[in-house]
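Residue-level structural notes
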Amino acid sequence: MTGPLVPFREFVLKVHSRCDLACDHCYVYEHADQSWLKRPKVISDEAISWTARRLAEHATTHALPSVTVILHGGEPLLAGPARLRRVCEELGSALNGIAELDLRIHTNGVQLSPRYLDLFDEFHVRVGISLDGDRAANDRHRRFADGRSSHPMVLRAVELLREERYRHLDLGLLCTVDIHNDPVAVQDALAGLEPPLVDFLLPHATWDDPPPRPDGSPTAYADWLLTVFDRWTEQGRPMPVRMFASVLSSLNGGPSLTESLGLAPTDLVVIETDGQLEQVDSLKSAYEGAAATGFDVFRNTFDEVAAHPGVRARQLGLAGVSETCRRCPVVRSCGGGLYTHRYRSDSGSEGLDSGFEHPSVYCADLAALIRGIEERTAAATESPAVRAPDELLAAHQDLTRTLLAALHDTLDGRGGALWDDAWRLAATLEAYPPGAEALDTVLAHPYTRTWLVGALEDVEAGRGLTEPAAERLGATVAAAAVRAGHDLPVPVAYRDGGLYLPTLGTVVLGGPGERGTAVVRATGDGFLVRRPRDAPGAELRIAPDEPEGPHWLPVHVLRRAPAPVLLLDDLDPLRDCFDAPATDRLEAEEADAWAHRVGDAWSLLADAVPGQAAEAALTLTTLTPLFTGDPEPGRHGPGALGVGPSVEANELALGLLSGFRRAKLRALGEVTDLYALDGTWEHRTPWGNEHVTFSRLLAETFERAGLGLYDPRFLAGVPEALDKIENAAEVTVDGKQLISAVRKEISGTRSATEKNRGRSFPPSGRAPNVMRSDQKVTFE
């Protein structure tokens, strides 16, 4: 098995191998592996010391910032306070100065008392308690050997943890599912205890020893859990439920939150009371010795265990599940189920761990649970994937401000004097209502994102903030102050004789190579620019809307109805972010020709697809002229489009529409998880029979659907592609809602066909240049 070694971050330390309860569903004592009979009851001093040494060694080797150790059993409290103190002291001492120690204990709660909790408070040991619900549910399995109920004692332990002095130690409750129990009563009982977390576990079972299904239903466990989910939702989701949170996270493109679901590699190892190092405990349900590795803490490192084939088999992600699972659309959420639950002894395969090369014995339950949660969530919420244009723009404005704040925090005072001044002045400007609005306008300029993303990459890579990047903040604040008419002196750097103010223009202060700092200050009808060497009264006075002159190069503004008012930005130093080079400064006549071409193209769009044209008018703010080539995407924020000089009105209309669709999808993808695990599978495109990644299939489908609103011939293959996307393993809940919106969008295309009859289109079956896979128009 290839791939880098995955270090362990979670260590289950068995401090006692016996238990004071006789739960008949316990995998340690009641299932296939009976190795507990040969273990010492209590962990020895030598095993504790070697465990601590191996932990420190492993954390040092892999530079782990923290490790989690779970004190376990049997029942760990049977080890007694003195033995538990010894464990906490040795582990803490060994890891001091190497890694943070996250200590936890999992107990049935029967022995829990203030004596233990005071000890746990001293060493910051957090406590999880097993409780299967109300008394009837808990007593079904969790009884003493003589049949007595443990429920009153467990409730007393839970109430003790809820006391103010111990509340910070409370990890929550673990509940093993039994479908004979009333799911509503179980949920109500657990919620009534106000735990910080509830973790539902499916009872351990294999294909050799399947779970009970009294009515024969293949989805009995899913039905039970979905009833709990509904009750939990009805109650307002009063506490996190790990299983539900994991499904919701994975459905929305996030990670799994539990070992029993998802494709994340395992990072857990077990240390038995005799120092033996084993794989995850649940494997004891499969067969005798299933968890064994042959290693121990006295002779072997944790890295040796991490390289064990059985451990590596649970670190393979998608490659580690059965072929059936790899083809299943919910595999990203279920991950093939818990590894133990896949076991079947009569596999017939000769590969190592071949008995686990099957779907989970709970396969139908997991699929039904995931689909059920997905359907309930989709019905109850409006996806951000179908949000209104103004909401999407607001989300991106928040993202831009978040990036700016992240850059400032990452710099941590290392941005330099100009940066610090600009940051302070930005705060002053924000306190002035028109100033805050003006600052948002300038930050929304597409090349602000180019600046922030590039600067963050440099700083996080250790290259530091470049001078131009540090200086951009001052220029941004100055441009906002001018727009707001706020009399705020802002120092701004200039280079090659030009002081650029984003969205406004360039003040010419000298020739090539000349650089320095000037102060920009707004006036009632414009702004002043003063350099330190200027004599009193010698500063430049600029009106932003005045024509081009020796000292002022305004950003061209295109005004030609029905097109929206657009900036034709041939000045921004960051505009050269396209594959084709950006042009130099355009002459006034050239800018006027641009206005006519854009106006003509927009007329075609407004006539053929008025809804799309109206939405695009809210999105597109800036055109950047390019020297050569077709319209192409750039590396910038929402709102810009790079366009070459040869684009005619009809081609430009298609380009604008194509660009709008790609820009909208890109913008949605930056604030919404539409898919996950991109590149894991390949999908055939209906229009080219090419095998592509999910992201490319989605992008081309979304783009073609938009062009199909203009010319329905582009819709060839789109319905089939939508079906593929909707049933793909990569798609999230939000992605599915987007696809549903696209289906509705193209459902009225017949009327568009009649409306556009007689319009000149590219030959049927051939997409225009904007549809080439290697170069597509966009504004983003």
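Up top you'll find the structure we're talking about.
In short, a report on the structure. The model shown is predicted, which means the values in this text are computed figures rather than measured ones.

**A look at the packing of helix 23 (residues 694-710) against helix 25 (residues 733-746)**
- With their axes 10 Å apart at the nearest point, helix 23 and helix 25 run at an angle of 20 degrees to one another. In terms of axis orientation, helix 23 runs roughly parallel to helix 25. As helix 23 packs across helix 25, the resulting crossing turns out to be left-handed. Of helix 25, the residues touching helix 23 (which contributes Leu698, Phe702, Ala705 and Leu709) are Leu738, Ile739, Val742, Glu745 and Ile746.
- Of the residues assigned to the contact of helix 23 with helix 25, the class counts are eight nonpolar, no polar and one charged.

**Description of the pattern of salt bridges**
- A complete count under the given rule lists 56 salt bridges for this structure.
- Here glutamate 164 and arginine 167 are joined by a salt bridge, their closest N and O atoms 3.9 Å apart.
- Residue classification places glutamate 164 among the exposed positions, given a relative accessible area of 66%.
- Take arginine 167: its relative accessible area is 39%, and that puts it in the partly exposed class.
- A salt bridge links aspartate 572 to arginine 472, with the shortest nitrogen-to-oxygen separation between them at 2.8 Å. Taken as a pair, aspartate 572 in the loop between strand 18 (566-568) and helix 20 (588-608) and arginine 472 in helix 19 (residues 467-484) lie far apart in primary sequence, 100 residues in all.
- For aspartate 572, a relative accessible area of 0% gives the class buried.
- Among the residues examined, arginine 472 registers a relative accessible area of 6% and is labelled buried.

**Quick notes on the nonpolar core**
- Residues Leu84, Leu112, Phe120 and Phe200 are the most contacted members of the largest nonpolar core, which totals 98 residues.
- Here this core gets nine residues from one element, more than from any other, and that element is helix 8 (residues 220-234).
- In this structure leucine 84 touches Val15, Leu71, Pro76, Leu77, Ala79, Ile105, Tyr116, Leu119 and Phe120, once residues within four positions along its chain are discounted.
- Core analysis: the second largest hydrophobic core is formed by 52 residues, Leu605, Ala705, Leu715 and Val742 among them.

**Focus: the pairing of strand 3 (residues 100-107)**
- In terms of strand pairing, strand 2 (residues 66-72) meets strand 3 through six bridges, oriented parallel. Within the sheet, the bridge partner assigned to valine 67 lies in strand 3 and is leucine 101.
- With respect to chirality, the unit in which strand 2 leads through helix 3 (residues 80-95) into the neighbouring parallel strand 3 is right-handed.
- Relative to strand 4 (residues 125-130), strand 3 is paired through five bridges, and the arrangement is parallel. By the bridge assignment, arginine 104 is partnered in strand 4 with arginine 126.
- Crossover handedness for the path strand 3 to helix 4 (residues 114-123) to strand 4: right-handed.

**As for the sheet that holds strand 16 (residues 552-554)**
- The strand order 11-12-16 describes an open sheet built from three strands, whose pairing is antiparallel. Single-partner strands in this sheet number two, and they are strand 11 (498-501) and strand 16. In this sheet, adjacent strand axes meet at a mean angle of 15 degrees when their direction is disregarded.
- Direction of pairing for strand 11 relative to strand 12 (residues 505-508): antiparallel, over a ladder of four bridges. Of the residues in strand 12, the one forming a bridge with glycine 498 is valine 508.

**Re the sheet that holds strand 9 (residues 292-296)**
- Taken together, nine strands build an open sheet; the order of strands is 6-5-4-3-2-1-7-8-9 and the sheet is mixed. With partners counted over all chains shown, the strands left at the sheet margins are strand 6 (198-201) and strand 9, one partner each. This sheet shows a mean twist of 25 degrees between the axes of neighbouring strands, independent of strand direction.
- By the bridge criterion, four bridges tie strand 4 to strand 5 (residues 170-176) in an arrangement that is parallel. Residue pairing for strand 5: isoleucine 129 is matched across the bridge by leucine 173.
- With respect to the sheet, helix 6 (residues 151-162) is in contact with strand 4 and strand 5, its orientation differing from that of strand 4 by roughly 150 degrees.

**Side note on the packing of aromatic side chains**
- Here the structure, examined in full by the defined rule, presents 18 aromatic pairs.
- Put simply, the rings of Phe200, Trp224, Phe229, Trp232 and Phe244 pair up and form one aromatic cluster.
- A cation over an aromatic ring shows up here: arginine 53 above the ring of tryptophan 50, its NZ or CZ 4.1 Å from the ring centre.
- The positively charged end of arginine 148 is found above the aromatic ring belonging to phenylalanine 144, 4.1 Å away from the centroid.

**A closer look at the side chain of glutamine 279**
- Relative to the helices and strands, glutamine 279 is located in the loop between strand 8 (276-278) and strand 9.
- A relative accessible area of 5% places glutamine 279 in the buried class.
- Beyond its immediate sequence surroundings of up to four residues, glutamine 279 is in contact with Val270, Ala290, Ala291, Ala292, Thr293, His308, Gly310, Val311 and Arg314.

**Here we look at unusual backbone geometry**
- A cis amide bond, omega 20 degrees, links glycine 73 with the succeeding residue glycine 74.
- You can see glycine 74 is positioned in the loop between strand 2 and helix 3.
- A cis amide bond links alanine 561 with the next residue in sequence, proline 562, at an omega value of 5 degrees.
- Inspection of the secondary structure puts proline 562 in the loop between strand 17 (556-558) and strand 18.
- Although it is not a glycine, histidine 124 adopts a positive phi angle of roughly 60 degrees.

Cut-off values and rules
- By convention here, each chain's residues receive numbers from 1 onward along its written sequence.
- For a predicted model such as this one, the threshold for reporting local features is a pLDDT of at least 70, and the threshold for listing and counting side-chain atom pairs is 80 or more; totals across whole chains, interfaces and linings nevertheless cover every residue.
- Excluding hydrogens and water, the side-chain figures rest on all heavy atoms present in the structure.
- For helices, the fitted line uses only the C-alpha atoms of the stretch in contact; every axis is such a line through C-alpha atoms, and the angle between N-to-C directions lies from 0 to 180 degrees.
- We count a stretch as a helix when DSSP gives it H or I for four or more residues in a row; a strand needs E for two or more, and each element gets its number in order from the N terminus.
- Just so you know how the angles are binned, under 35 degrees is roughly parallel, over 145 roughly antiparallel, 65 to 115 roughly perpendicular, and the rest oblique.
- It is the rotation of the near helix from the far one that decides the hand of a crossing: anticlockwise by less than a right angle makes it left-handed, clockwise makes it right-handed.
- Throughout, a contact is declared for two residues whenever any of their heavy atoms are within 4.5 Å.
- The classification used treats Ala, Val, Leu, Ile, Met, Phe, Trp, Tyr, Cys and Pro as nonpolar, Asp, Glu, Lys and Arg as charged, and all other residues, Gly among them, as polar.
- Here, a salt bridge means any Lys or Arg side-chain nitrogen found within 4 Å of an Asp or Glu carboxyl oxygen.
- Relative accessibility thresholds used throughout: buried, under 20% of the residue-type maximum; exposed, over 50%; partly exposed, between the two (1.4 Å probe, protein chains only).
- To define a nonpolar core, start from buried Ala, Val, Leu, Ile, Met, Phe, Trp, Tyr and Cys residues and group those joined through side-chain atoms within 4.5 Å.
- In this analysis, strands are considered paired if DSSP registers two or more bridges between them.
- Handedness rule for crossovers: strands pointing away from the viewer, path from the first strand over the helix to the second running clockwise, crossover right-handed.
- Two rings from Phe, Tyr or Trp (for Trp, the six-membered ring) form a pair when their centres are within 6.5 Å of each other. A pair whose planes differ by under 30 degrees is stacked, one over 60 is edge-to-face, and the rest are tilted.
- Charge over a ring is defined by NZ of Lys or CZ of Arg lying within 6 Å of the ring centre and within 35 degrees of the ring normal.

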